[in-house]
Structure formats: structure tokens, C-alpha cells
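# A look at the structure
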Amino acid sequence: MDVDKVGVIGAGQMGLGITQVCVLAGMPVALNDISEERLNAGLATVNGNLAKEVARGKLTEAERTAALALVKVGTSYDIFADSDLVIEAATENEELKRKILLKLCPSLKPDAMLASNTSSISITRLASVSDRPERFIGIHFMNPVPRMQLVELIRGIATSDPTFDSAKAFITRLGKTSTMSEDFPAFIVNRILLPMINEAIYTLYEGVGSVD
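This section reports on the structure supplied with the text. Computed from a prediction, not measured in an experiment: that's the story for all the values here.

So, on to the side chain of K97. Along the polypeptide, K97 turns up in helix α4 (residues 94–104). Its relative accessible area of 1% is what places K97 among the buried residues. Excluding anything up to four places from it in sequence, K97 contacts E88, A90, T91, E92, S116, T118, I121 and L126.

Bringing the sheet that holds strand β5 (residues 113–116) into the picture now. Taken together, eight strands build an open sheet; the order of strands is β3-β2-β1-β4-β5-β6-β7-β8 and the sheet is mixed. The sheet terminates laterally at β3 (71–74) and β8 (177–181), the two strands that pair on one side only. For this sheet, the mean inter-axis angle between neighbouring strands, taken without regard to orientation, is 25°. Both β5 and strand β6 (residues 136–141) contribute to a ladder of three bridges, which runs parallel. Bridge pairing in β6 places A115 opposite I137.

Because each turn of an α-helix spans 3.6 residues, side chains separated by three or four positions in sequence point in the same direction. The first and last C-alpha atoms of helix α7 (residues 189–205) sit 24 Å apart over 17 residues, in line with the 24 Å expected at 1.5 Å per residue. Taken from the residues just after α7, G207 is the one with a positive phi, measuring 80°.

Neither face of strand β4 (residues 85–88) is open: one carries L85 and I87, the other V86 and E88, and all of them are buried. In this sheet, β4 lies alongside strand β1 (residues 6–9) in parallel orientation, the contact comprising four bridges. Residue pairing across strands places I9 opposite E88, the latter belonging to β4. Relative to β5, β4 runs parallel, the two being bridged by four bridges. Looking at β5, one finds that L85 is bridged to M113. For the crossover that starts at β4, traverses α4 and ends in the parallel β5, the hand is right-handed.

Per the stated rule, a full pass over the model turns up one aromatic pair. Geometrically, the ring pair formed by Y77 and F80 is stacked, given 6.2 Å between the ring centres and 25° between the ring planes. Accessibility expressed as a relative area gives 17% for Y77, which makes it buried. Exposure remark for F80: the relative accessible area of 0% places this residue in the buried category.

Cut-offs and rules
- Residues numbered from 1 in each chain as written.
- Predicted model: local features only at pLDDT ≥ 70, side-chain atom pairs only at ≥ 80, totals over all residues.
- Heavy atoms only, no water.
- Helix = DSSP H or I, 4+ residues; strand = E, 2+ residues; numbered from the N terminus.
- Buried < 20%, exposed > 50% of the residue type's maximum accessible area, 1.4 Å probe, protein only.
- Contact = heavy atoms within 4.5 Å.
- Pairing = 2+ DSSP bridges.
- Axes fitted to C-alpha atoms, helices over the stretch in contact; angles between N-to-C directions.
- Expected span 1.5 Å × (residues − 1).
- Right-handed = clockwise from strand over helix to strand, strands pointing away.
- Phe/Tyr/Trp six-rings, centres within 6.5 Å; stacked < 30°, edge-to-face > 60°.

Written as C-alpha cells, this is what we have:
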């Protein structure tokens, strides 16, 4: 399936970053959150980020206006009725994500794909509460999304080949690089990063070197 229309759940830092890179790639985005206030603040943030790109000479004012016009917002999951791919980017809490996915599925078209931007939670477990585990995949964008090139794709036990191929093509269309991770805790990047951070703290604590 080609991904032309994207849904994003969560107008936080990750959700807004995903929204920004999608609209800059010419894809309409339906952005959802629990309140109009959060959505309005999110739109203002995206607009501000795009304005900075104009100031840097990386976008024209016409391109900024066209990109922003591709975003529609709503507090109901009904805005995802025509989305080809919906990416959950809510707080990193498994119970919350499971509740969102259960409520979301009835609003999706039958062939829509689902993804979670989780950085550590099992994709297989999250997919199990949906009505389409074969069309469920992990798409882990790095923070900040507009600047970070790498995206992890994580297959759950039921993720189909067409779903993986569509997700990979979607990431390529965004101009980013994908890598596949098996469904293990923390996947690849965080599994390497967090022990490295801990070791850096121990190195400082033991006086091996200074912060500088």
C-alpha cells in the first residue's frame, strides 16, 4: 500500500516533528490530541519551526504556507477515516498506548496501517490489542525528528512483508534512512545509547575525566 495520507496521535515533541517532516514531503497529516488547546499550541509550534526554515533560506514562504495547509487537527479519531497510515506518538506508557489503539481501530479504513513511535515497548504486544496485527509496525523516529536521519522499523511477530515494505518506502519518501530492528526491549539505538550514557556518568564520578 502506498502511504499518501498520514495520521499522527499526539501533539507533543515527537508527534509534531513527525507531522512537520510529512507535510514537507507533501503528505496531508491528520493530527490528533486530547484538547483543542494542545492542538492549537502544536500548530503554532510547527508554524514557528517552518518559519525558522524560511529564515534560514531552506524554505520559501510559499512552501511554508503550502506545508501548513496540509495539516488538519481534531480531538476525535474520526479524522483518521481516510488515513493510509496512523502513527501513535503518545506518552511512553504501554497502558495508555493500548487504550488508544483499542479506541482508534474502529475509525480506520480496513486496509490502513498502524504504527507506534515507541522507543522501547514491544510491538508484538501493542499489535495484539489492535484489529490488524499484520498491518502494525514500529516506526521509531529519533528526536528531534526533522534533523535526525535514522528511523528504526520494528516488525512485530505478525507484521506482514507488504506492511514492512510500505513503511520502508514511506521513510524513504521522507528523505530518511531506515534500519530494521527485531522486537527486543529498547530496539537498537536505545539499547546501545543508555548503557553508554550510564558509563559516561560513572567515568565522571570516578574522576577518570572532567565534563570538558
